[in-house]
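Descriptive analysis of the structure
Here is what each chain is made of, one letter per residue.
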Amino acid sequence: MVKIRDIYEKKQCEGKPVFSLEIFPPKKAENLPKIYDTVAQLADINPDYISVTYGAAGGTKGKITSDIAGNIKRKFGIETVAHLTCINSSRDEVDDAIEDIKKNDIENVLVLRGDRVEGSREGAFRHANELAIELQKAGGRDLNLIGACYPEGHIDSPNLTEDVENLKYKIGAGVTSLVTQLFFDNQVYYDFIDRIRAAGIDVPVAAGIMPITKPSQIERTVELSGASLPEEFSKMIAKYGNDPDGLFVHDIEYAVGQIRDLIAHGVPDIHLYTMNTPEVAKAVYDGIKDLL
Ligand code: FAD
């Protein structure tokens, strides 16, 4: 049982970055076994930890996230992070989810509010920092808490300054590291780090990288993340947007270039949004394994 903050410390001593992966639960419960086939393939690239989303892209909510995170630890010996959101959830529902986390011996939780979508209601906890406090109280032991952050600002925030001010609440509630929203322009990450350090936030910040290897992903990903697109990236997408094979090769190349530059700048953790696609994760890994 390892805490992500200890993995950061160990890797820092070794002078190496952490390499971590995000997966999401399958949309339909009958597809659950497939996720373990995916993890078996991801295990080949030796991630330091795997994080499992809650609801979001997977659609299924609740217990399934903790069960998957617990099973990955037991079956594959890989450390995990279970995501947990609080939007739409009563206090009892959150406490049930915390019980599942405890039952599965989860050590690391990514505390989130969750996205406001049409029909969503305010939960018992309005923001991730409030959920973090509840986890500390009801968790029953020393959980390692992680938070999300947005180098280009969260969509609900009027500006980045206010968003960074709000980020301090998460740190105050015990979050020991952060993971960024995906970005395509490394300068955005570097500027964000300068900004949060100046604001007094000194925790490690994992860089969220998502290769866009399918034409169908482009529009939705860009729209949902709000990430700005550097010229080089836009040109690549324009050129290969209708050529799946070309897009795969060139986007992997783009992501590998992005990651190599981040590692050269001392990023503590490369967090790859795998979209449950081992071939993508493996192709990226092949391009960076000499640095890990
Ligand atoms: P919060 O920290 O609550 O922030 C939301 C907004 O409120 C921001 O504008 C912030 O500035 C403001 N704010 C924060 N705290 C306060 C406060 N105390 N008072 C006033 N304003 C405040 N979604 C899922 O559904 N499932 C997932 O598994 C998932 N995983 C994610 C993983 C990562 C790495 C990231 C970056 C996002 C993930 N999301 C996931 C999406 C996330 O739930 C949404 O972006 C959501 O809109 C915000 O969540 P949050 O935890 O950052 O919210």
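Note: the structure precedes this text.
Source: prediction; values computed, not measured.

Procedures and definitions
Counting restarts for each chain, with residues numbered from 1 along the sequence as it is written. For this predicted model, a pLDDT threshold of at least 70 governs which residues receive local features, and a threshold of 80 or more governs which side-chain atom pairs are given and counted, while totals over whole chains, interfaces and linings are taken from all residues. By convention in this description, side-chain values take in all heavy atoms of the structure and omit both hydrogens and water. Residue exposure (1.4 Å probe, protein chains only): buried if accessible area is under 20% of the type maximum, exposed if over 50%, otherwise partly exposed. Put simply, DSSP H or I for four residues or longer makes a helix, DSSP E for two residues or longer makes a strand, and each gets a number counted from the N terminus. Pairing between two strands is assigned when DSSP locates at least 2 bridges connecting them. Here a residue is considered near a molecule or strand provided that any single heavy atom belonging to it is located within 4 Å of it. For the accessible areas, the method is Shrake-Rupley and the probe is 1.4 Å, while residue cover comes only from the protein chains on display. Under this grouping Gly is polar, as are all residues other than the nonpolar Ala, Val, Leu, Ile, Met, Phe, Trp, Tyr, Cys and Pro and the charged Asp, Glu, Lys and Arg. Stacked, tilted and edge-to-face pairs are distinguished by plane angle, under 30 degrees for stacked and over 60 for edge-to-face with tilted covering the rest, among Phe, Tyr and Trp rings (Trp via its six-membered ring) whose centres lie within 6.5 Å. Whether a charge sits over a ring comes down to the Lys NZ or Arg CZ being within 6 Å of the ring centre and within 35 degrees of the ring normal.

**Overview of the pairing of strand 5 (residues 144–149)**
Most of strand 5 is tucked away, with six of its six residues classed as buried. Residues Asn 144, Ile 146 and Ala 148 point to one face of strand 5 and Leu 145, Gly 147 and Cys 149 to the other, with burial holding for every one of them. Both strand 4 (residues 108–112) and strand 5 contribute to a ladder of four bridges, which runs parallel. Its bridge partner lying in strand 5, Val 111 is registered against Gly 147. Sheet topology places strand 5 next to strand 6 (residues 175–180); five bridges connect them, and they run parallel.

**Side note on the site of the ligand**
Around the ligand, the structure places 26 residues, and the nearest of them are Tyr 54, Asp 115, Tyr 150, Ser 157 and Asp 163. Protein chains shield 87% of the accessible area of the ligand, which is 980 Å² for the free molecule. The greatest single-element share of the shell around the ligand, amounting to four residues, is contributed by helix 6 (residues 160–172). Per-class residue counts for the shell around the ligand are eleven nonpolar, ten polar and five charged.

**Thoughts on the packing of aromatic side chains**
Under the defined criterion, the tally for this structure stands at five aromatic pairs. With a centroid separation of 5.5 Å and an interplanar angle of 20°, the aromatic rings of Phe 183 and Tyr 189 are classed as stacked. Tyr 189 matches Phe 183 in its accessibility class, with the two residues each being buried. Every member of this aromatic cluster is reached through a ring pair, and the members are Phe 183, Tyr 189 and Tyr 190. We note Lys 75 situated over the ring of Tyr 36; from NZ or CZ to the ring centre the distance is 4.1 Å.

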